[in-house]
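Residue-level listing of the chains:
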Amino acid sequence: MTLNPLIGTWRLISWENRSLDGQISYPLGKDAVGYIIYNQDGYMFVAIMRPDRATFAAGDLLSGSIEEKAYAAGTYVSYCGRYEFRGDTVIHHVDLSLFPNWVGVDQERLVEVRGDRLTLSSRPILLGGMQQSAHLIWERV
């Protein structure tokens, strides 16, 4: 049985998107925060956000204004489901996602593990209206 180096909890170090012409952007800012967890049972969970998200004026989980809810959704990414580690790639089988289009869809990530650092990258996908690849660097917690 091959050891799975993904198992555990990882803290986000950086998330940058690279366009096909080499432009780099930071979708949730250079200081985005987040965690990704892979467990031995084959499930994963990821949550990433801007650290400076505004709170809802009402302080009620279900009573934000339309604008507050839109801003909150636009500054947060989360999904979870089963995963398959395949050595140089991992397939996330998305069961739940803040972005509804990913529910029931497989998300492939290229995997590189060096010591306590994990890099997950996407092949070019539609991000912000253009083809880009995402590159997320994580550090084992």
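Our structure's up above, just so we're on the same page.
The shown structure was predicted, so the numbers you read here are calculated from the model rather than taken from an experiment. (Residues numbered from 1 in each chain as written. Predicted model: local features only at pLDDT ≥ 70, side-chain atom pairs only at ≥ 80, totals over all residues. Heavy atoms only, no water.)

Chemist: I'm lost on the pattern of salt bridges in this one. Help?
Modeler: A side chain with one charge may pair with a side chain of the opposite charge, provided their charged atoms come close. A full pass over the atoms with the stated rule returns six salt bridges. Measuring nitrogen to oxygen at the nearest pair gives 2.7 Å for the salt bridge that ties arginine 18 to glutamate 16. Look at glutamate 16 and you get buried, because its relative accessible area is 13%. (Salt bridge = Lys/Arg side-chain N within 4 Å of Asp/Glu carboxyl O. Buried < 20%, exposed > 50% of the residue type's maximum accessible area, 1.4 Å probe, protein only.)

Chemist: Whenever I open this one, the environment of serine 19 confuses me. Can you help?
Modeler: Tracing the backbone through its elements, the reader meets serine 19 in strand 1 (residues 8–19). Sequence separation between serine 19 and threonine 89 is 70 residues; the distance between their C-alpha atoms is 21 Å. Setting aside residues up to four positions removed in sequence, serine 19 forms contacts with Met130, Gln131 and Gln132. One polar contact links serine 19 to aspartate 21, side chain to side chain, over a distance of 2.4 Å. (Helix = DSSP H or I, 4+ residues; strand = E, 2+ residues; numbered from the N terminus. Contact = heavy atoms within 4.5 Å. Polar contact = N/O pair within 3.5 Å; in protein donor to acceptor, adjacent residues only side chain to side chain.)

Chemist: Explanation requested: the pairing of strand 4 (residues 43–49) in the structure shown.
Modeler: Moving residue by residue along a regular strand, the side chains alternate between the two faces of the sheet. In this structure, strand 3 (residues 33–38) lies alongside strand 4, joined through six bridges in antiparallel fashion. Residue pairing for strand 4: valine 33 is matched across the bridge by methionine 49. The hairpin formed by strand 3 and strand 4 contains four residues between the paired strands, and glycine 42 there has a positive phi angle of roughly 90°. Pairing geometry for strand 4 and strand 5 (residues 76–85), over seven bridges, is antiparallel. (Pairing = 2+ DSSP bridges.)

Chemist: Sorry, what's going on with the nonpolar core here?
Modeler: In a soluble, globular protein the nonpolar side chains are often hidden away together inside. The biggest cluster of nonpolar side chains holds 23 residues, and the ones touching the most others in it are Ile36, Tyr38, Ile48, Leu118, Leu120 and Trp138. Secondary structure elements with two or more residues in this core: strand 1, strand 3, strand 4, strand 5, strand 6 (89–97), strand 8 (117–121) and strand 10 (130–140). (Core = buried A, V, L, I, M, F, W, Y, C linked by side-chain atoms within 4.5 Å.)

Chemist: Sorry, what's going on with the side chain of glutamine 132 here?
Modeler: Position of glutamine 132 relative to the elements: it lies in strand 10. We classify glutamine 132 as buried; its relative accessible area is 7%. Leave out the neighbours within four places in its chain, and glutamine 132 touches Asn17, Arg18, Ser19, Ser25, Ser122, Arg123, Pro124, Ile125 and Leu127.

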